[in-house]
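Understanding the architecture of this molecule
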Amino acid sequence: MNTTILSHPIISHKVTLLRKTDTASKDFRILVSEIATMMAYEATRDLELQDVSITTPLQQMTGKEIAGKKLVLVPILRAGLGMLDGVLTLLPSARVGHIGLARDHETLQPIKYYYNMPKELDKRDVLVLDPMLATGGSASAAIDFLKADGCKRIKLLCVLGAPEGVARIEKDHPDVQIYIAELDERLNEHGYILPGLGDAGDRIFATK
Ligand code: PRP
Ligand code: URA
């Protein structure tokens, strides 16, 4: 199984606040961002390090630094933007690419409306950000586009995952490690996660 469910009391507490109907958009945004920071901490646990020679005020030593090219963060628009600042808190030098996908509300199929990535994707670790993994259609399509563009090392960070979405990514992209804060029960007939938190994009941006 390629899925890590983050198990941490602070994350559980914040996800519960996120789910509540009466959590205002300004608090919702802060919570998504805070959870994203904690998820990024976990998802970067295995980053490769290299030795670097440095001088402290007292002597020379060999320290460790993250090896290779800067990571790329790819929020899936719109709702993925809600996670971006939280991850940049931890990785301020990361590059940022954007994929605009919207689910057709009838067919639930993702429609691409924007794509813009930094250079040399094939040499970089990529973290795809989207708070919601429902059918998995959007995340799977985003990963397809990234792979077609040369990405080889991709991780997917979602706050809530439905079993259907997790299974879809594990099937379509067995090489992609998935990180979710909580695994929910199922999807309803409209493709919404139950118990879920509603429409993440609308709650982050106070639309509808
Ligand atoms: C939501 C969410 C995911 C997608 C998940 O986006 O942010 O991208 O649905 O559903 P799936 O796993 O079934 O594809 P939405 O299409 O509502 O767009 P938005 O982020 O612009 O609100
Ligand atoms: N997208 C959302 O924003 N919420 C869901 O429950 C499913 C997809």
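These notes cover the structure that comes with them. In this text the structure is predicted, and so the values were computed from the model without any measurement. Throughout, a residue's number is its position along its own chain's written sequence, starting from 1. Just so you know, chain letters begin at A and ligand numbers begin at 1, following the order they were written in. Note on the predicted model: pLDDT of at least 70 is required for a residue's local features to be given, and 80 or more for side-chain atom pairs to be given and counted; whole-chain, interface and lining totals, by contrast, use all residues.

1. Structural notes on the site of ligand 2
- Neighbouring residues of ligand 2: Ala 79, Met 132, Ala 134, Gly 191, Tyr 192, Ile 193, Gly 196, Asp 199, Ala 200 and Gly 201.
- Classifying every residue of the shell around ligand 2 by side-chain character gives 6 nonpolar, 3 polar and 1 charged. In this text, near has one meaning. A residue is near a molecule or strand if its C-beta atom, placed using the backbone, is within 6 Å of it. Amino acid classes used here: Ala, Val, Leu, Ile, Met, Phe, Trp, Tyr, Cys and Pro are nonpolar; Asp, Glu, Lys and Arg are charged; the rest, including Gly, are polar.

2. Some words on the site of ligand 1
- The environment of ligand 1 is formed by 24 residues, the closest being Ala 79, Arg 103, Thr 135, Ser 138 and Gly 201.
- Helix numbering and strand numbering both begin at the N terminus, where a helix is a DSSP run of H or I of at least 4 residues and a strand a DSSP run of E of at least 2. Of all the elements in the fold, those that place two or more residues in the shell around ligand 1 are strand 4 (72-77), strand 6 (98-103), strand 9 (132-133), helix 4 (137-148) and helix 6 (200-205).
- Looking at the shell around ligand 1 residue by residue, the class counts come to 13 nonpolar, 7 polar and 4 charged.

3. Observations concerning helix 4
- An ideal rise of 1.5 Å per residue puts 16 Å on 12 residues; helix 4 measures up with 16 Å between its terminal C-alpha atoms.
- Turning to helix 4, its buried residues number three or more, namely Gly 137, Ser 138, Ala 139, Ala 142, Ile 143 and Leu 146.
- Following helix 4 by one or two positions, Gly 150 has its phi on the positive side, about 105°. Here the expected span of a helix is defined as 1.5 Å times the quantity of residues minus one. Labels follow a simple rule on C-beta atoms placed from the backbone: if 20 or more others lie within 10 Å of a residue's own, it is buried; if 12 or fewer, it is exposed; otherwise it is partly exposed.

4. Re the environment of Ala 40
- Within the element layout of this structure, Ala 40 appears in helix 2 (residues 25-43).
- Along the primary structure Ala 40 and Val 87 are separated by 47 residues, whereas in three dimensions their C-alpha atoms are 5.9 Å apart.
- We call two residues in contact when their backbone-placed C-beta atoms lie within 7 Å. Excluding residues that lie within four positions of it along the chain, Ala 40 makes contacts with Val 87, Leu 90, Leu 91, Leu 127 and Leu 157.

5. Some thoughts on the nonpolar core
- For this entry, the nonpolar core is defined as buried Ala, Val, Leu, Ile, Met, Phe, Trp, Tyr and Cys residues connected by C-beta atoms within 7 Å. Judged by nonpolar contacts, the single largest core of 53 residues is most densely connected at Leu 127, Val 128, Leu 129 and Leu 157.
- Not counting chain neighbours up to four residues away, the residues in contact with Val 128 comprise Val 74, Ile 76, Ala 139, Ala 142, Ile 143, Ile 154, Leu 156 and Leu 157.

Remember, this is a structural readout, not a statement about activity or role.
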